[in-house]
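Letter by letter, the chains look like this.
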Amino acid sequence: MRVIAFLNNKGGVGKTTCSRTMAEYLSKVKKRPTLAIDFDPQCNFSHQYLKMEIDPAAPEGLMPPIHPDYDPHDPDHSDWDGRSSISEIFYGQGVVPYPTYIEKLDLAPGHAEKLLAAEAVRKNDVVEKVHKQLTNFLNSADVKAAYDTIVIDTAPSKGPLTVSVIKAATHIIIPSVMEEQPVQGIYGMLQLWMQESLIREKNRPLTLVGILPNMFKQTRLHKDILTSLQENTAIGKYIMPVKLSQRIVFAEIDSEDANPHSIFDFQENHVAKQEAMGFVSL
Amino acid sequence: MSKKKRFGVSQALSRGLSETINVVENNAGIYRNVVLPLSRIELDPDNPRKLAITLTDVQQGLDKIDPLYTRKSEEHERLTELAMTIKSSGVINPIVVYKLGEAYRVVAGERRCLASIIAGKQEIEARVFNEKPQGFALKLVQWIENTAREDLTLDERINNIRDLLREYQHQHGEVAVTPTLLKNVTGLSLPQATYYGAVLNAQPDVRQMIESGKIRSLDKAAIITGIDLPELRYEALSACVNGCSLKELRKIVARGKQNIRKHIIPNGTAKRGRAVSRVNMGFTLHPGVIQVIVESVLSRAEYKKYADKFLKVDWAHIGQATQMFKKLIEILEHEGEIA
């Protein structure tokens, strides 16, 4: 089972769009059973596939809707409130993924309040309470049996949530805008990659697939920074040989009633779809 | 007109990125840094450093009936000193271990482990090799670890090298142990490697002194090993044990060499170097000696005719005496030919 995570502690570099593109490619185009996990308290990734709700009692943000399988009259569900998010792993409860409109794609959505609580766990407890939990969950027999690939969208942070994703991942991709601040975010992620790589066992490497130039504009700034990274002998080989351009179509398909709703529903010769295919098929 | 600006990531950031990537590429999967419970750690019985004190001694206290009690209590005292620093500032360098069944065996860091137990610690930071290091690599790590230590005896150091070489030969086949090979294997300097090379083959009497700790200096041991004559070696050994300096030791060796020349090479046997074809007349500090020689020769009947050639000589003058001696040799050779 492959666990692909998109990371960058700088926000707004397109982690969610990349996660979405990858998840939809694997499930929709490759027809592989895929689980999308939203590890970002902002829950944007979840919102692509579910009508996330605002909790009146929790000002922090979104929570998942009632699960379609939930039956309040079922005695088996008596200790369940009907909602399930990936953050249940921090509370010792089972995660019930939601089906999405794509047949092969399930979603373990985020839960703003609970994820923020996990991110705020004290330093002494963090290893047991947060860092190990995602790995444990993904190693469970149920998850392994049900899914071929896991795609994880992460929070723009270097905190416990991101560390737990790094610990669970087999592959990481760092999307970045070709500007100074997001490139600093790459550095933050490479540090986490380094720390994790040095403690991992040889037969379970953490593969850095690469740095993905994202939201690319044909400006001197973007072109020059990309070139300077490519020309560096150490970094150059990790710059992915494709780039996703800044296109309004990626934002358009995000809206609730968008049609088409997935980049892979466009015609074959659509320029954005071609770029996306170039990236995901690597 | 100014040049068009070229953008790029800052130098510091670009350096940071490449350094991080290099660390991962060069180190990932070789070992892991983890915190291990001390209860899972066991010492390597084959570690070339011979600590008398054992894990059990540290855990349960020393037994006065133990024949090694004195040595062990000295070691315990030193470990307690280390334990004090561990209490105050922790173990600074992680120990090196590899997994052996349920336990972790120490490659480097025995003293740190024992001292941590004395300090009342439950865990210790360790660098875990993912695979058991192969013989040579294991010995090399132990050697590197041990050379960095100052309290290692000469005997322990020599044994380290011997183990290291055995493992090297095990891996590379039987190769002759030259100083250059030793230098390459251990990273020692050539002179040091030469000394170790000599001491590795020390005579039994020298070895015994090293083992008993009476000789602690590598240079002295190497010099004494170079003496072939047993009596002279004995003299050097005694001098060394009595604390003579390196210079004094070298004098003994030099004396031995003179004796060897006098005693061992008999006249007429083949010598090294070019064949001797002429007689060396030697030298003297006293020109009077030449006067005696010259007058003695001239006193013989057949040489009296040359007496006038030696009339106005100042025999106290070295230069004149030398000239006269040369002249005498010429005359003698001339007369010899005639004869």
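Computed from a predicted structure; not experimentally measured.

Colleague: So what exactly am I meant to see when it comes to the overall build of chain B here?
Modeller: When its secondary structure is counted, chain B shows 14 helices and five strands. Burial analysis of chain B (339 residues in total) assigns 24% to the buried set. Put simply, 62% of the contacts in chain B that link residues at least 6 apart link residues at least 24 apart.

Colleague: Sorry, what's going on with the overall build of chain A here?
Modeller: Counting its regular elements, chain A contains twelve helices and nine strands. Across the 282 residues of chain A, 43% fall into the buried class. Taking the contacts inside chain A whose residues are at least 6 apart along the sequence as the reference set, 72% of them involve residues at least 24 apart.

Colleague: What's the story with helix 7 (residues 179-186) of chain B in this structure? I'm lost.
Modeller: In an α-helix there are 3.6 residues to a turn, and that puts residues three or four apart on one side. All names here are of chain B. For helix 7, every residue scored as buried is listed here: Leu182, Val185 and Thr186. Taken end-on, helix 7 shows its buried residues confined to a sector of 80 degrees, consistent with a single buried face. In helix 7, the exposed positions angled more than 90 degrees off the buried face are occupied by Thr180 and Asn184. With its phi angle positive at about 80 degrees, Gly187 sits one or two positions after the end of helix 7.

Colleague: Even after reading the chapter, I still don't get the interface of chain B and chain A, so can you show me in this structure?
Modeller: Interface size is often expressed as the accessible area that is lost when the parts come together. Listed per partner, the contact involves 22 residues of chain B and 26 residues of chain A. Looking at the side of chain B that touches chain A, the element that brings in the most residues is helix 1 (residues 11-27) of chain B, giving eleven residues. Considering only residue class, the side of chain B that touches chain A consists of nine nonpolar, eleven polar and two charged.

Colleague: Teacher, can you tell me more about the nonpolar core here?
Modeller: Nonpolar side chains in soluble globular proteins tend to be buried together. In terms of nonpolar packing, the biggest core is built from 78 residues, with Ala5, Ile150, Val165, Ile172 and Trp193 of chain A touching the most fellow members. Excluding residues within four positions of it along the chain, Ile172 of chain A makes contact with Ala5, Leu7, Ile166, Trp193, Leu206, Leu208 and Val209 of chain A. Core analysis: the next-biggest nonpolar cluster, separate from the first, contains 27 residues, Ile161, Leu165, Ile210 and Cys240 of chain B among them.

Colleague: Can you walk me through helix 10 (residues 218-225) of chain B in this structure?
Modeller: Helix 10 of chain B sits mainly inside the fold: six of its eight residues count as buried. Residues Lys220, Ala221, Ala222, Ile223, Ile224 and Thr225 of chain B constitute the buried set of helix 10 of chain B.

Colleague: Just to check I follow, could you spell out unusual backbone geometry for this structure?
Modeller: Phi is mostly negative for residues that are not glycine, and the peptide bonds are mostly trans. All names here are of chain A. A cis geometry characterises the amide bond from Asn259 onward to Pro260, with omega recorded as -5 degrees. Within the fold, Pro260 resides in the loop between helix 11 (248-252) and helix 12 (271-280). Its identity as a non-glycine residue notwithstanding, Lys31 has a phi of 55 degrees, on the positive side. Given 12 C-beta atoms within 10 Å, Lys31 falls into the exposed group. You will see that Met215, though not glycine, has its phi angle at about 50 degrees, which is positive. Structurally, the position occupied by Met215 is in the loop between strand 9 (207-213) and helix 9 (220-231).

Colleague: Would you mind showing me how to read the confidence of the model for chain B here?
Modeller: Atomic detail in the predicted coordinates should be set aside for any region of low pLDDT. On average, residues of chain B score 81 in pLDDT, and 86% of them are at 70 or above. Here the predicted complex carries an ipTM of 0.80, next to a pTM of 0.60.

Colleague: I would appreciate a short explanation of the packing of helix 6 (residues 154-172) of chain B against helix 8 (residues 190-200) of chain B in the present structure.
Modeller: Geometrically, a packed helix pair is captured by the angle between its two axes and the distance between the axes. Residues and elements named next belong to chain B. Two elements in contact, helix 6 and helix 8, have axes whose closest approach is 11 Å; the angle formed by their N-to-C orientations is 90 degrees. By the criterion of interaxial angle, the relationship of helix 6 to helix 8 is roughly perpendicular. Contacts between helix 6 and helix 8 pair Ile158, Ile161 and Arg162 from the former with Tyr196, Val199 and Leu200 from the latter. In terms of residue class, the contact of helix 6 with helix 8 is made up of five nonpolar, no polar and one charged.

Colleague: Help me understand the sheet that holds strand 8 (residues 171-176) of chain A in this model?
Modeller: Strands pair in a sheet through their backbones, by hydrogen bonds, and they do so in one of two ways: parallel or antiparallel. If you trace the seven strands from one edge of the open sheet to the other, you get 5-6-2-7-1-8-9 (chain A), paired in mixed fashion. Edge positions in the sheet fall to strand 5 (98-99) and strand 9 of chain A, since each has one partner strand and no second.

Colleague: Mind showing me how you'd approach the pairing of strand 9 of chain A here?
Modeller: Note on strand geometry: in a regular strand, side chains alternate between the two faces of the sheet. All names here are of chain A. With six bridges joining them, strand 8 and strand 9 adopt parallel strand pairing. Opposite Ile174, over in strand 9, you have Ile211 as the bridge partner. The β-α-β motif built from strand 8, the intervening helix 8 (residues 180-199) and the parallel element strand 9 has right-handed crossover chirality.

Colleague: Quick question: what am I supposed to make of the pairing of strand 4 (residues 103-108) of chain B here?
Modeller: Residue and element names in this part refer to chain B. Extensive coverage of strand 4 is indicated by the burial of five of its six residues. The sheet contact formed by strand 2 (residues 41-42) and strand 4 spans two bridges and is parallel. Note on strand 4: the bridge partner recorded for Glu42 is Arg105. With five bridges joining them, strand 3 (residues 95-100) and strand 4 adopt antiparallel strand pairing. Residue pairing in the sheet places Val97 in a bridge with Val106 of strand 4.

Colleague: What should I look at first to understand the environment of Tyr303 of chain B in this one?
Modeller: Residues and elements named next belong to chain B. For Tyr303, the position within the fold is in the loop between helix 13 (287-298) and helix 14 (318-338). The spacing of Tyr303 and Leu332 is 29 residues in sequence and 8.8 Å in space, taken between C-alpha atoms. Setting aside residues no more than four positions away along its own chain, Tyr303 makes contact with Val297 and Leu298.

Colleague: Would you mind going over the environment of Leu114 of chain B with me for this structure?
Modeller: Residue and element names in this part refer to chain B. With respect to the element layout, Leu114 can be found in helix 4 (residues 110-118). Residue Leu114 is classed as buried on the basis of its C-beta count, with 27 C-beta atoms lying within 10 Å. A C-alpha to C-alpha distance of 9.2 Å links Leu114 and Leu38, two positions 76 residues apart in sequence.

Colleague: Just checking my understanding: could you explain the packing of helix 3 (residues 69-89) of chain B against helix 4 of chain B for this structure?
Modeller: Residue and element names in this part refer to chain B. Packing of helix 3 against helix 4 leaves a shortest axis separation of 8 Å and a crossing angle of 70 degrees. Relative to helix 4, helix 3 is oriented roughly perpendicular. Note on element contacts: helix 4 touches helix 3 through Arg111, Leu114, Ala115, Ser116 and Ile118, opposite Leu79, Thr80, Leu82, Ala83 and Ile86.

Scoring rules and cut-offs
Counting restarts for each chain, with residues numbered from 1 along the sequence as it is written. Lettering of chains starts at A and numbering of ligands starts at 1, both following the order in which they are written. The model is predicted, so local features are restricted to residues of pLDDT at least 70 and side-chain atom pairs to those at 80 or more, both for listing and for counting; the totals for chains, interfaces and linings are taken over all residues. Only DSSP runs of H or I with at least four residues qualify as helices, and only runs of E with at least two residues qualify as strands; both kinds are numbered from the N terminus onward. For the exposure call, what matters is how many other C-beta atoms sit within 10 Å of a residue's own: 20 or more marks it buried, 12 or fewer exposed, and in between partly exposed, using C-beta atoms placed from the backbone. Here contacts are defined at the residue level, using C-beta atoms placed from the backbone and a cut-off of 7 Å between them. By arc we mean the arc of the directions from the helix axis to the C-beta atoms, nothing more. Throughout, the ten residues Ala, Val, Leu, Ile, Met, Phe, Trp, Tyr, Cys and Pro are labelled nonpolar, Asp, Glu, Lys and Arg are labelled charged, and all others, Gly among them, are labelled polar. Think of a nonpolar core as buried Ala, Val, Leu, Ile, Met, Phe, Trp, Tyr and Cys residues, each tied to the set through C-beta atoms within 7 Å. Note on scores: pLDDT gives the predictor's confidence for each residue, bounded by 0 and 100. Every axis in this analysis is a line fitted to C-alpha atoms, fitted for helices over the stretch in contact. Angles between the N-to-C directions lie between 0 and 180 degrees. Angles below 35 degrees are treated as roughly parallel, those above 145 as roughly antiparallel, those between 65 and 115 as roughly perpendicular, and all remaining angles as oblique. Strands were regarded as paired on the criterion that DSSP finds at least two bridges between them. Looking down the strands as they point away from you, a crossover is right-handed if its path from the first strand over the helix to the second goes clockwise.

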